[in-house]
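Residues per chain, in single letters:
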Protein chains: 2
Amino acid sequence: MSKALEELQQYLEKMNRFNHVTTLLYWDMRTCAPKQGYEQIGDALAYFSTEHFQMSVSEELKNILETLSTPQEYEALDDKWKFVVKRMKRYFDKNERIPKEVFEKSVKIQTAAESAWEEAKEASDYSIFAPHLEKLIEVTKEIAGYTDPGRELYDALLDPFEEGMNSSVIDRVFDELKKDLIPLVDKILASEQPDDSKFQGKFDVDAQVKVQKMLLDYIGFSWDKGAVGTTTHPFTLNFSSKDVRVTNHYYEDAPISAMFSAIHEGGHAIFEQNVNPDYDGTVAGSCDYMCIHESQSRFYENVLGRNKNFWLPIYDKLGELLPQFKEISLEEFYREINHVRNSYIRTEADEVTYAFHVILRYEIEKAIFREGVTVEELPGLWNAKMEEYLHITPRNDAEGILQDMHWSGGSFGYFPSYLLGSIYDGMLLDTVEAELGNVDEILAQGRILEITKWLNEKIHRFGSTRTPLETLSAVCGKEVTAEPLIRYFTKKYTEIYNL
Amino acid sequence: MSKALEELQQYLEKMNRFNHVTTLLYWDMRTCAPKQGYEQIGDALAYFSTEHFQMSVSEELKNILETLSTPQEYEALDDKWKFVVKRMKRYFDKNERIPKEVFEKSVKIQTAAESAWEEAKEASDYSIFAPHLEKLIEVTKEIAGYTDPGRELYDALLDPFEEGMNSSVIDRVFDELKKDLIPLVDKILASEQPDDSKFQGKFDVDAQVKVQKMLLDYIGFSWDKGAVGTTTHPFTLNFSSKDVRVTNHYYEDAPISAMFSAIHEGGHAIFEQNVNPDYDGTVAGSCDYMCIHESQSRFYENVLGRNKNFWLPIYDKLGELLPQFKEISLEEFYREINHVRNSYIRTEADEVTYAFHVILRYEIEKAIFREGVTVEELPGLWNAKMEEYLHITPRNDAEGILQDMHWSGGSFGYFPSYLLGSIYDGMLLDTVEAELGNVDEILAQGRILEITKWLNEKIHRFGSTRTPLETLSAVCGKEVTAEPLIRYFTKKYTEIYNL
């Protein structure tokens, strides 16, 4: 092994320890720590994350990466280390171009914006957040000018989440979707809706935790490499492929919520648990591409989890754990978990109308960064699009433009990932059926772990080493298209709603 | 503020961050992390605890402490900082006298001894552990020769746990206890024993968790400053007075176990939560004296928790949470939680025979360090003392000499703390009754928080700033004596067992 590679490995080992405790402090704050402990945790978090950031932009790292990027050194590396050096060098060069004062300014703007958003959402008053949003947009443009000079702005913003994607592809597939989904949803909404009265009432929270365990077992979550916690908003977090944590929330009056959060976060976790462990502790591990990550969580949650056959082998067990479900037939349950509603909140939307929530945000982001729409115009734009796609108008800012925290954290370009994930899922479903056989049958026979194994093999083990487009091309062998997803929606909901 | 004091404060801030993450890594490993994550956590733990240790023995710290110890600087400090500087200087000087190679040797011996003990306990074979124990004893002697030159060896070992205590005081009070408790226990064991058949069966674990919450609320645990976790062995751990964590275990077939562990650890936690927050992050905070700490946990667990009146205001609630308790009268419950048995395992012993388990270990430690008894002779000595005090002989090493992990970690001199804690509790009970009134009445009227408040005021808020003897003298106004504990035991068990 070359001296420089050895140095890089040692350097990464140290960085990983700082990253480990930073991640752990965050995990602890969300899942366990008492309120009065937050300040001390926040102080430690600031210290260790700053130390970690300093390591990521140090002269020492720069020299190591430059040495390893010389042709002689680079060619001697194996594929994994070639990827790591190339990727780290690219990040380093990008970040290095941001002037220190601009970076610091952006951190300050973001910190202020996050508090302002919380306050604004609480008060349901967009005017509290608007001036911060304006500054965030400005500094985002400024930074992109340094990191991606000469590149179209919004495409540059999409890149960290959907590497290799660009808005012309997204425009094309989102337009395909809109064309067919608007009339489909209109037909669904005009149809008779299922009776959800059996899902009212109080469902024991401890039993819901047991249901989560049963579901995670069922889909292939590894407890040797995973743990669970409780938080307001469910999320997945990983230290390495060997330690992946998911969280969930449990509502006494809404038992279905925790079930599908469990399956969704379980999908993210199964991905991370099955990345090649040799990639741990490097940028080759833990998948960075949000669209691919969401494709996995949403494949489990929607394509598998909202299929009636998914529940066939375990529906009796569900009734044993939550006795009220003994009084609900599988058919009634299936109708309810696929109940399409025109609602205000993205995170509570069904799988079909979810698409509109994302498209709306994507179109607004484009309007901001391409058409120069001002922050004052955004609530009007939001409401007009809600009316157009879902025929409802938010009654206040909290259930409209203020509902998501993404923008307050400076994450522009993130939203499309969610819907791209579903679009990829349509394509994946076709491929799974071509290679493994009819998914309804596989599920009905309780062979879901065969699908997990297939996803491990085809997608998960590669971690970050394949970009989204490379993954799709390798697995599905074709260009991105919304056609399979539209076909899947149309068939499924035509049957459910007797359209 | 002097420049040196400012330097010390900044230095402590940094040390505390490293201490925070070291503590958190330990907490995470015990309460949450999956098995395959241990290796990475262990690596981070080794790194951050070594960094923390290096800071505690650095030249920089030495210089700061020396400056602050000069009369001019020292006299200008307030009481808190006087205590901190004096205490830190004493620790520093002690540790500095240990040659680096001796310290490193001791770490290696200890690490090997811990694994050997685990293996030995698993195999119930003392011969696996004996050679390691011998080395531990030797290196313990060697280190004490550096840290406490000229001091009697076993007294030096007691000091870190029971500062200011020495074996002549302990001998005196333990002998008082033995004189009266041996005949008392013999009489109890010869009496009719309660029927424990109603405590057999399966008790819902989720409900036990709710009982724990109810009990912690009841005794005054603050959830704003505290959290709970689940582990095999219950323990309490604190980051500061604002973040104190307790753990518990829940056995489906032994519901009483988790209740009393909750009260016991709750006692430790209430102590830490009520230390003066101004002491946080210094050696003045978090109480270092195990005997005083155990006096608080055992006061809640035994003096309060095993009093019938403690349960009067909450016994109905207990029945609501664990319905099987509706079929058990408070009287039957009271008999069972004070069921005296001659058993092998210290941690499972009732409050009376517990004394013998500790006295036995104390006498063995004295035999090792004063009389030069060899490791080969220890099992025989152990069994002879079990026969003498409890009239039983361990059937194997695992339930005899190998049962506790303390010695494998090099903790000699720790055991007496447990019993000293109970002895102090007898004295405290007298003082509480003199100042607040009859404890039976206070408990029966649901006014237990008045006792918690009294303990906060008299003991907890001082943290480490008062030694055990200073605390007793300030609170009880007298020398250490076992008489009140003996009186309490005699009265209580004469009534219960109709002696």
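No experiment lies behind these values; they were computed from the predicted model shown.

### Observations regarding the overall build of chain A
Along its length, chain A carries 22 helices and three strands. Its C-alpha radius of gyration of 23 Å places chain A within 12% of the 23 Å reference for a compact globule of 499 residues. Taken along its principal axes, the extent of the C-alpha atoms in chain A is 65 × 50 × 50 Å. The proportion of buried residues among the 499 residues of chain A is 56%. Put simply, of all contacts in chain A between residues at least 6 apart along the chain, 74% involve residues at least 24 apart. For chain A, the accessible surface area stands at approximately 20,900 Å², while carbon and sulfur atoms represent 50% of it.

### Considering the relation of the copies chain B and chain A
With an axial shift of 0.0 Å and an RMSD of 0.1 Å, the rotation relating chain B to chain A amounts to 179 degrees. Here the two chains are linked by the operation of a two-fold rotation axis. A symmetric contact is evident, with 100% of the interface residues of chain B recurring at the interface of chain A.

### Describing the packing of helix α18 (residues 416–436) of chain A against helix α22 (residues 483–496) of chain A
Residue and element names in this part refer to chain A. Put simply, α18 and α22 touch, their axes get as near as 7 Å, and they point 80 degrees apart. Here α18 lies roughly perpendicular to α22, going by the angle between them. Here S422, I423, G426, M427, L429 and D430 of α18 lie close against α22, whose contacting residues are P484, L485, R487 and Y488. Split by residue class, the contact of α18 with α22 holds six nonpolar, two polar and two charged.

### Quick notes on the packing of helix α11 (residues 255–273) of chain B against helix α15 (residues 330–337) of chain B
Residues and elements named next belong to chain B. The contact between α11 and α15 brings their axes to 12 Å, and the two run at 75 degrees. Relative to α15, the element α11 is oriented roughly perpendicular. Residues I256, M259 and F260 of α11 lie in contact with α15, whose contacting residues are F333, E336 and I337. Residues that form the contact of α11 with α15 fall into these classes: five nonpolar, no polar and one charged.

### Describing the nonpolar core
One recurring pattern in soluble globular proteins: nonpolar side chains tend to sit buried together. Ranked by size, the top nonpolar core spans 332 residues in total, and within it A:F310, A:W311, A:F333, B:F310, B:W311 and B:F333 carry the most contacts. Sequence-distant contacts of A:F333, that is, excluding residues within four places in its chain, are made with A:F199, A:I256, A:M259, A:W311, A:Y315, A:L318, A:F325 and A:I328.

### So, the interface of chain B and chain A
The interface of chain B with chain A comprises 33 residues on the first partner and 33 residues on the second. In total, chain B and chain A occlude about 3,000 Å² of area from one another, counting both sides; carbon and sulfur atoms represent 56% of this. It is B:R17, B:Q36 and B:Q40 in chain B that bury the most area against chain A; as a group they hold 20% of the surface buried on that side. In this assembly, chain B and chain A are joined by eight salt bridges. Between B:D206 and A:K210 there is a salt bridge, with the nearest N and O atoms lying 2.6 Å from each other. Across the contact surface, chain B and chain A share 15 residue pairs in polar contact (both at pLDDT 80 or more). Counting residues per element, the ones that place at least two in the side of chain B that touches chain A are α1 (3–31), α2 (38–56), α10 (205–219), β1 (226–230), β2 (236–240) and β3 (243–248) of chain B. Examining the composition of the side of chain B that touches chain A, we find that nine residues originate from one element, α1(B), more than from any other.

### Observations regarding empty space enclosed by the protein
Enumeration over the complete set of coordinates arrives at eight cavities of 30 Å³ or more. A volume near 70 Å³ is recorded for the largest cavity. Here the residues of the lining of the largest cavity sort into eight nonpolar, one polar and two charged.

### Quick word on the domain arrangement of chain A
Residue and element names in this part refer to chain A. Entries for chain A in the domain assignment read domain 1 (3–152) and domain 2 (167–497). In this assembly, 34 residues from domain 1 lie in contact with 41 residues from domain 2. Carbon and sulfur atoms supply 70% of the area that domain 1 and domain 2 bury against each other, a total of about 3,100 Å² over both sides. Our count for the contact surface shared by domain 1 and domain 2 stands at three salt bridges. Our enumeration of links across domain 1 and domain 2 arrives at 14 residue pairs in polar contact (both at pLDDT 80 or more). For the side of domain 1 that touches domain 2, the elements supplying multiple residues, two or more each, are α1 (3–31), α5 (79–96), α6 (100–123) and α7 (126–147). Residues of the side of domain 1 that touches domain 2, tallied by class, amount to 18 nonpolar, seven polar and nine charged.

### Considerations on the packing of aromatic side chains
The description of an aromatic ring pair rests on the distance of the ring centres and on the angle between the ring planes. Applying the stated rule across the entire model yields 59 aromatic pairs over all chains. Between the aromatic rings of A:Y218 and A:F310, the centroid separation amounts to 5.1 Å while the plane-to-plane angle is 80 degrees, which identifies the pairing as edge-to-face. With A:Y218 in helix α10 (residues 205–219) and A:F310 in helix α13 (residues 308–311), this residue pair connects regions lying 92 residues apart in the sequence. Summarising the burial analysis for this pair, A:Y218 and A:F310 share the class buried. Ring centres 6.4 Å apart and planes at 25 degrees place the aromatic pair A:W407 and A:F412 in the stacked group. One residue, A:R245, lies across the ring of A:W27, its end atom 5.3 Å from the ring centre. Over the ring of B:Y418 we find B:R346, and its NZ or CZ is 4.7 Å from the ring centre.

### Considering the sheet that holds β2(B)
Residues and elements named next belong to chain B. Overall, mixed pairing links the three strands, which are arranged β1-β3-β2 in an open sheet. At either end of the open sheet lies a strand with only one pairing partner, and these are β1 and β2. Strand-to-strand, the axes of this sheet are offset by a mean angle of 20 degrees, without reference to chain direction. As judged from the five bridges shared by β1 and β3, these two strands associate in the parallel manner. Note on β3: the bridge partner recorded for V228 is V246.

Conventions we followed
- Residues numbered from 1 in each chain as written.
- Chains lettered and ligands numbered in written order.
- Predicted model: local features only at pLDDT ≥ 70, side-chain atom pairs only at ≥ 80, totals over all residues.
- Heavy atoms only, no water.
- Helix = DSSP H or I, 4+ residues; strand = E, 2+ residues; numbered from the N terminus.
- Rg over C-alpha atoms; globule rule 2.2 N^0.38 Å.
- Buried < 20%, exposed > 50% of the residue type's maximum accessible area, 1.4 Å probe, protein only.
- Contact = heavy atoms within 4.5 Å.
- Areas by Shrake-Rupley, 256 points an atom, 1.4 Å probe, with all protein chains shown as cover.
- Least-squares fit on C-alpha atoms with pLDDT ≥ 70 in both.
- Axes fitted to C-alpha atoms, helices over the stretch in contact; angles between N-to-C directions.
- Parallel < 35°, antiparallel > 145°, perpendicular 65-115°, else oblique.
- Nonpolar A, V, L, I, M, F, W, Y, C, P; charged D, E, K, R; others polar.
- Core = buried A, V, L, I, M, F, W, Y, C linked by side-chain atoms within 4.5 Å.
- Buried area = accessible area lost by both parts, 1.4 Å probe.
- Salt bridge = Lys/Arg side-chain N within 4 Å of Asp/Glu carboxyl O.
- Polar contact = N/O pair within 3.5 Å; in protein donor to acceptor, adjacent residues only side chain to side chain.
- 1 Å grid on protein atoms, 1.4 Å probe; cavity = no way out; pocket = protein on both sides within 12 Å on 5 of 7 lines; lining within 4 Å.
- Points joined across faces, edges and corners; volume = space filled by probe spheres on them.
- Domains from an automatic or database assignment.
- Phe/Tyr/Trp six-rings, centres within 6.5 Å; stacked < 30°, edge-to-face > 60°.
- Lys NZ or Arg CZ within 6 Å of the ring centre and 35° of its normal.
- Pairing = 2+ DSSP bridges.

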